[in-house]
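Remarks on the overall topology
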Amino acid sequence: MGTVEHLGRGAGRISGDLGELAPSPRPRPRPGPTPPEKDRTRTIVRTVGEVLITLGMVVLLFVIYEVYITDLISAGKQREATAQLDDRWHEQDTAEAQRSDHFEGLGEGDGFAKMYIPAFGADYQFTIVEGTTAESLEVGPGHYTDTAYPGQPGNFSVAGHRVGKGAPFNDINLIQSCDAIVVETQHSWFVYRMVPLEEEKAGWAEGKGKDPRCKGVEPLGGPYEALVGQEIVLPTNGGVIAPVPHNPDVTLSSGEMASLMTLTTCHPRFSDKERLIVHAVLTDQWAKDPSKPDERPVELEETG
Amino acid sequence: MYGWIWRHLPGPVAVRVALAVVLALGVAALLLFVVFPWLEPLLPFNNVTAE
């Protein structure tokens, strides 16, 4: 560093002894030294090109970040949340005599339940955390704080990422009516099943409704007239997570209210223009048997 | 730009290559772990909630 030929621009390229007339031992195809004016233009053009290439690389790197790196980061957070939830369940199991689920005092980002979608494979499992802030959703699917909890009458609503950040709801558009969404809490298992699609509603009882898996799933009437299995709405349409979806003003007593589950994610993929919504209805529930801690509901076998 | 950086890296070619790789990795890490996490919420890709 600091040698003379390193100080001038292009010194490495242009021979140091310009005045010498003797031909250089290795002849170069390039004509003599370029005039300074042309040299400067060349430098500017080259620099602009380099900057553009660099920006292109940065955008590519961002795609890699969005699709892969955030997955890695979220996988770690999801593992941690699941471990914490398992610890808490285990601790409270041994401490409490009374076996009932309660969800009071959950902090933002605390895990409180696990969800399984057997149709997506036996390994599809996510810990649901409280709250839908960006930080919570990096951990896993997040519960809208004002909506019902698992098993309660009302609409247990959960948001999840579709691209990156673990992408829990990546394939949520592929779920079919009557497919099970199983939710595990500390003391219970809840089985929700997707309600009929708009086009399946007519002739449900004679058609798909005959499938034994569809027991308990049917188009709901009355205030639930507008309820369909899947829909695409604008982000401003908060009615989808109302206790009675699309009827936020209807008040029903908890006895009249159906127990629903709603999943929300972005649509189309890589965009936040719209939201993809999946609605499901509670069809079954079991209390966990403390003497058989490893017992799992048969619905979890409905893979493939 | 890259030529300028290359000329200002000290040492023989092997050292310069090593330094260049370190620099590139450093910039990538800065982007991945500082710039992108900050930038991401400002971009319209990944909002999943309905208001």
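Please read all numbers here as calculations on a predicted model, not as lab measurements. (Residues numbered from 1 in each chain as written. Chains lettered and ligands numbered in written order. Predicted model: local features only at pLDDT ≥ 70, side-chain atom pairs only at ≥ 80, totals over all residues. Heavy atoms only, no water.)

1. Some points on the overall build of chain B
The helix and strand tally for chain B stands at 2 helices and 0 strands. The proportion of buried residues among the 51 residues of chain B is 20%. Of the roughly 3,400 Å² of accessible surface on chain B, 82% is carried by carbon and sulfur atoms. (Helix = DSSP H or I, 4+ residues; strand = E, 2+ residues; numbered from the N terminus. Buried < 20%, exposed > 50% of the residue type's maximum accessible area, 1.4 Å probe, protein only. Areas by Shrake-Rupley, 256 points an atom, 1.4 Å probe, with all protein chains shown as cover.)

2. Here we look at a nonpolar patch on the surface
A contiguous nonpolar patch, built from Ile-44, Val-48, Val-51, Leu-52 and Leu-55 of chain A together with Met-1, Tyr-2, Trp-4, Ile-5 and Leu-23 of chain B and spanning about 940 Å² of accessible area, is present on the exposed surface. When contributions to the nonpolar patch are tallied by element, the ones reaching two or more residues are α1 (36-95) of chain A together with α1 (2-8) of chain B. With 5 residues, the top contributor of residues to the nonpolar patch is α1 of chain A. With respect to the element layout, Trp-4 of chain B can be found in helix α1. (Patch = residues over 30% accessible without salt bridge, like charges linked within 9 Å, V, L, I, M, F, W, Y side chains within 5 Å. Salt bridge = Lys/Arg side-chain N within 4 Å of Asp/Glu carboxyl O.)

3. Some details on the state of the cysteines
Residue and element names in this part refer to chain A. In the structure shown here, the tally under the stated rule is 1 disulfide over all chains. Covalently, Cys-178 is tied to Cys-214 through a disulfide, its sulfur atoms 2.0 Å apart. The sign of the S-S torsion, about 115°, decides the handedness of the disulfide formed by Cys-178 and Cys-214: right-handed. Of this pair, Cys-178 sits in the loop between β4 (154-159) and β5 (180-184) while Cys-214 sits in the loop between β6 (188-194) and β7 (230-233), and the two are 36 residues apart along the sequence. Taking the relative accessible area as the measure of exposure, Cys-178 reaches 1% and is therefore buried. Taking the relative accessible area as the measure of exposure, Cys-214 reaches 2% and is therefore buried. (Disulfide = S-S within 2.5 Å.)

4. Some thoughts on the pairing of β6 of chain A
Each regular strand carries side chains that alternate between the two faces of the sheet. Residue and element names in this part refer to chain A. For β6, a buried count of 7 out of 7 residues is recorded, marking the element as mostly surrounded by other parts of the structure. Burial of β6 is two-sided: the residues Ser-188, Phe-190, Tyr-192 and Met-194 facing one way and the residues Trp-189, Val-191 and Arg-193 facing the other way are all buried. In the sheet, β5 pairs with β6 via 5 bridges, with the strands oriented antiparallel. Opposite Glu-184, over in β6, you have Trp-189 as the bridge partner. Connecting β5 to the next strand, β6, in antiparallel fashion are 3 residues. (Pairing = 2+ DSSP bridges.)

5. Some details on the pattern of salt bridges
Residue and element names in this part refer to chain A. For the structure shown, the criterion picks out 9 salt bridges over all chains. Between Lys-77 and Glu-138 there is a salt bridge; the shortest N-O distance is 2.5 Å. Within this pair, whereas Lys-77 is found in helix α1, its partner Glu-138 is found in helix α2 (residues 134-139), the two being separated by 61 residues in sequence. You can call Glu-138 partly exposed: its relative accessible area is 23%. For the salt bridge of Arg-213 with Glu-302, the shortest nitrogen-to-oxygen distance reads 3.5 Å. Within this pair, whereas Arg-213 is found in the loop between β6 and β7, its partner Glu-302 is found in the segment after β9 (274-287), the two being separated by 89 residues in sequence. In this structure, a network of salt bridges that share partners links the residues Asp-179, Arg-193, Arg-213 and Glu-302.

6. Details of the nonpolar core
Residue and element names in this part refer to chain A. With 26 residues, the main nonpolar core has Met-115, Phe-156, Ile-181, Tyr-192, Met-261 and Leu-263 as its most contacted residues. Every element with two or more residues in this core is listed here: β1 (111-116), β2 (125-130), β4, β5, β6, β8 (259-267) and β9. At 4 residues, β9 tops the list of elements feeding residues into this core. Setting aside residues no more than four positions away along its own chain, Ile-181 makes contact with Met-115, Tyr-116, Ile-117, Ile-175, Phe-190, Val-191, Tyr-192, Met-261, Leu-263 and Ala-280. Within the second largest apolar cluster, 10 residues are counted, among which are Leu-137, Val-233, Ile-241 and Cys-266. (Core = buried A, V, L, I, M, F, W, Y, C linked by side-chain atoms within 4.5 Å. Contact = heavy atoms within 4.5 Å.)

7. Topic: the pairing of β2 of chain A
Residue and element names in this part refer to chain A. Counted residue by residue, β2 has 5 buried out of 6 residues, so it is predominantly covered. Pairing geometry for β1 and β2, over 5 bridges, is antiparallel. Across the sheet, residue Gly-111 finds its bridge partner in β2, namely Val-129. Pairing of β2 with strand β3 (residues 142-143) involves 2 bridges; the strand directions are parallel. Within β3, the residue paired with Val-129 across the bridge is Gly-142. Following the chain from β2 across α2 to the adjacent parallel β3, one finds a crossover that is right-handed. (Right-handed = clockwise from strand over helix to strand, strands pointing away.)

8. Digging into the packing of aromatic side chains
Residue and element names in this part refer to chain A. Using the criterion set out here, one finds 11 aromatic pairs over all chains in the structure. Pairing Tyr-116 with Trp-189 gives two aromatic rings, centres 5.7 Å apart and planes at 40°, and the pair type is tilted. Of this pair, Tyr-116 sits in strand β1 while Trp-189 sits in strand β6, and the two are 73 residues apart along the sequence. The class of Tyr-116 is buried, set by a relative accessible area of 4%. Relative to Tyr-124, the ring of Phe-120 has its centre 5.3 Å away and its plane inclined at 70°; by these criteria the two rings are edge-to-face. Relative accessible area serves as the criterion here: at 10%, Tyr-124 is assigned to the buried category. (Phe/Tyr/Trp six-rings, centres within 6.5 Å; stacked < 30°, edge-to-face > 60°.)

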